[in-house]
Structures are given as structure tokens and as C-alpha cells.
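So you can see what is in the structure, the chains are spelled out below.
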Amino acid sequence: MLRSFPIKFVMKPSENVISSHKDVLTAIALPFIAMLRVQLLGVILLTNVCLLKADYLLQYQVEHYFNIPHTRSGGFCCDLDCSNECENRFLFCLRPVGFNRSSEECPLGNYSTGVIANDSVVFAAGEDLDVGVPNPLVFNGAGAWPGQVEMYVRVDDDDDDGTSDLVTRFYIEISATAGLEFTSTQEYGENSVGLLGASYRVSCTEDFYSPDCSVFCRARDDAQGHYTCDSQGNRVCLDGFENLDSNCTCTPAEGCSAAGGFCNVSGECICHEGFTGENCDINVAEGGRGSSKVVAG
């Protein structure tokens, strides 16, 4: 059956109506646009703040582990008798000094392995401890290096029936300043069960310096500055630039007009448009850019 539809007649609004609608839409849209601009500015500022956030890198090289008596926590043998070695898996857990030792939480990062060692093993530098577990272990920290952290290491013995028993725990205090050298450590576990040897070092991520990685310096050679960074994060002006307090800008030639001249490197006097003369101090009504006047110092 054919269906009928009502016919709608649409009248073109007058120019006054259109103008009125535009005014209403503008009034509605402007607050949202302003709010969007504020939010966008907040994002930009937040991004700039994040760029200046310090970061550090802790490397922990596991070197050896010994448990010659083949015993575990409580003085028990790992197997039916102590002639059999333990089948050891490891948890490496980084946390702040003074963290609750009854907790297994690792707020600064952790690595867990499967069974990777018996009771007398030397780990090769540069070879993974297990799949996805590098050696050295790498912990990326946000913010300035606190100076001290604790490495909690738990060793468990896996049994054939799928269960596991605690072998020992280590609580190793890492105290260092950022640098290139590794510091060696050798620690006994709880109740002198197990001996773990390792070394560690702390380094700053790119553009951060100082013993706690809190000094920011990013070398540049552009309109924002002309400098490199020394090993302590101090700015060092490039040749031809000075004025460290202003990010190593150039100093124009002596007598160069502050209004009419500028420089790209110290000792120059380059005229802005509309200025001429050796010192760029002649203001002309019309004319092109002046030439560079380099004054030997």
C-alpha cells in the first residue's frame, strides 16, 4: 500500500534572523573557546614542567650466589637430605630505605626469575639471568636520586610437586652518588643463609647532572642560546658567545646601536631594517637591511 507523507515547507530565514542566530551562537561558543584555551595552556605548561623533571638510572649487576650447605630458612635441607642442592629462583625488589620488611611490595620496581641457579653459581656479565631479566638489572627512577635505596632479594627453592620453600632473604642497602663507577657489595642472607655478590651504579638520564641528577642542562645552538654542558651540568658558552646569565648570547661591536643593530656572534653590528651606518645608528625612512660591520676586538 502506498504511504503518504506530509509536505513540509521550509522558509528561508531573513538576514536579521541569521544575524541574530550568529550572535547567539557566538555568545554560547566564546566561553567554551576560552575554556579550551585555558586547558590547552595548562597542557603546554604541564608538558614543560615534565620536561624538567629529573630522572636517574640504577643498574644492579648480579655476580654470584653461594649456599654451600644446601639449607633453607629454619635450618632445614632444601631436599630430603642436604647433599642435594636447592633449585633457586629469585625476586629482586627495589624499594625505599626503611620500607616495611614484612611486605613483598616493590614500589621502585622488581624482577622475578624462574629456576636459574643451584647453590654455587657465578653469573656472566651481560647475559640475561632469565627471559626478560637482564643482567645488570635496570631500574628507571622518576625524580632526583634519593641517595639510598634498599634491594630486597628473596630466594625460593622449587620442589618437584610444584610447591616452593623460602631459602633466604637479603636486605641490601644501596648508597651511592651518580657516576660512572660500579660499587661492589657482598651480603649474607637472613641467619647467614646464602651469600650474594653484586655491584651497582647510579647514572643520570640525558640532560640531567649532579650527584643526585637534579641539575638540568640541555646543550643548544639556536635563538634560545649558544652553549654546551660540562660534566656537572654547568653551561659553557660556545666560541663567539658570552653573557652566561642570558644563555650565552652575543655582544655587539662597541658602539653598535642598541635600537638599530644586533649580532649573530660577538663583535658584529648588523643593522635592522630601516637603519644604516657603521654603528647602525642612522634611521632612514626607507631602505633595505644594512650590511654586517664586524669590528675586530
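Residues numbered from 1 in each chain as written. Predicted model: local features only at pLDDT ≥ 70, side-chain atom pairs only at ≥ 80, totals over all residues. Heavy atoms only, no water.

**Q** It is not clear to me how the side chain of Thr185 should be interpreted in this structure. Could you clarify?
**A** Mapped onto the elements of the fold, Thr185 is located in strand E8 (residues 183-188). Its relative accessible area of 13% is what places Thr185 among the buried residues. A distance of 3.3 Å separates the side chain of Thr185 from the side chain of Glu187, its partner in a polar contact. Discounting residues that sit within four places of it in the chain, Thr185 has contacts with Ile172, Leu196, Gly197, Ala198 and Tyr200. (Helix = DSSP H or I, 4+ residues; strand = E, 2+ residues; numbered from the N terminus. Buried < 20%, exposed > 50% of the residue type's maximum accessible area, 1.4 Å probe, protein only. Polar contact = N/O pair within 3.5 Å; in protein donor to acceptor, adjacent residues only side chain to side chain. Contact = heavy atoms within 4.5 Å.)

**Q** Would you take a moment to explain the state of the cysteines for this structure?
**A** Disulfide: a covalent bond formed between the sulfur atoms of two cysteine residues. Under the criterion given, the structure shown has nine disulfides. Here Cys256 is linked by a disulfide to Cys269, with a sulfur-sulfur distance of 2.1 Å. The chirality of the disulfide connecting Cys256 with Cys269 is right-handed, given an S-S dihedral of about 80 degrees. Of this pair, Cys256 sits in the loop between strand E14 (235-237) and strand E15 (261-262) while Cys269 sits in the loop between E15 and strand E16 (270-271), and the two are 13 residues apart along the sequence. Given a relative accessible area of 1%, Cys269 falls into the buried group. Paired by a disulfide, Cys271 and Cys280 hold their sulfur atoms 2.0 Å apart. Between Cys271 and Cys280, the disulfide has an S-S torsion of -90 degrees and is therefore left-handed. (Disulfide = S-S within 2.5 Å.)

**Q** I'm lost on the packing of aromatic side chains in this one. Help?
**A** The way to describe two aromatic rings as a pair is by their centre distance and the angle between their planes. This structure, assessed with the given rule, holds seven aromatic pairs. Centroid distance Phe90 to Phe92: 5.8 Å. Interplanar angle 10 degrees. Geometry classified as stacked. Just as Phe90 is buried, Phe92 falls in that class too. Residues Tyr152 and Tyr171 carry aromatic rings whose centres are separated by 5.3 Å and whose planes lie at 15 degrees to one another, so their mutual orientation is stacked. Residue Tyr152 is found in strand E6 (residues 148-158), and its partner Tyr171 is found in strand E7 (residues 164-175); the two are separated by 19 residues along the sequence. Cluster of aromatic residues (ring-pair linked, three or more members): Tyr65, Phe90, Phe92 and Phe123. A cation over a ring is seen here: Arg101 above Tyr171, with NZ or CZ 4.2 Å from the ring centre. (Phe/Tyr/Trp six-rings, centres within 6.5 Å; stacked < 30°, edge-to-face > 60°. Lys NZ or Arg CZ within 6 Å of the ring centre and 35° of its normal.)

**Q** Please explain the confidence of the model for the protein as it appears in this structure.
**A** Caution applies to low-pLDDT parts of the model: their predicted coordinates are not meant to be read in detail. Residues of the protein with pLDDT of at least 70 account for 77%, and the chain-wide mean is 82. Low pLDDT, under 50, characterises residues 1-13; the stretch is placed with one contact to residues that sit more than four places away or in other chains. Contacts of residues 24-52 to residues separated by more than four positions or lying in other chains number four contacts, the stretch itself having pLDDT below 50. (pLDDT = per-residue confidence, 0-100.)

**Q** For this particular structure, what's the right way to read the nonpolar core?
**A** Generally speaking, soluble globular proteins have nonpolar side chains that are buried together. Judged by nonpolar contacts, the single largest core of 35 residues is most densely connected at Tyr60, Tyr65, Phe92, Leu137, Met151 and Val153. Put simply, the parts of the chain that give this core at least two residues each are strand E1 (55-66), strand E2 (88-95), strand E3 (110-117), strand E5 (137-142), E6, E7 and strand E9 (195-204). No other element matches the five residues that E1 contributes to this core. In this view, Tyr60 contacts Phe92, Asn135, Pro136, Leu137, Phe139, Met151, Ile172, Ile174, Leu196, Ala198, Ser199 and Tyr200; residues no more than four positions away in its chain are not counted. (Core = buried A, V, L, I, M, F, W, Y, C linked by side-chain atoms within 4.5 Å.)

**Q** Could you clarify how one ought to interpret the sheet that holds E14 in this entry?
**A** Two orientations exist for strands paired in a sheet by backbone hydrogen bonds: parallel and antiparallel. One open sheet holds the three strands; their spatial order is E12-E13-E14, and the pairing between them is antiparallel. Two strands lie at the open edges of the sheet, namely strand E12 (220-222) and E14, each paired on one side alone. Here the strands of the sheet are splayed against their neighbours by 35 degrees on average, with no regard to which way each runs. Here E12 runs beside strand E13 (residues 225-229); their pairing, made up of three bridges, is antiparallel. The partner of Asp221 across the bridge, within E13, is His226. (Pairing = 2+ DSSP bridges. Axes fitted to C-alpha atoms, helices over the stretch in contact; angles between N-to-C directions.)

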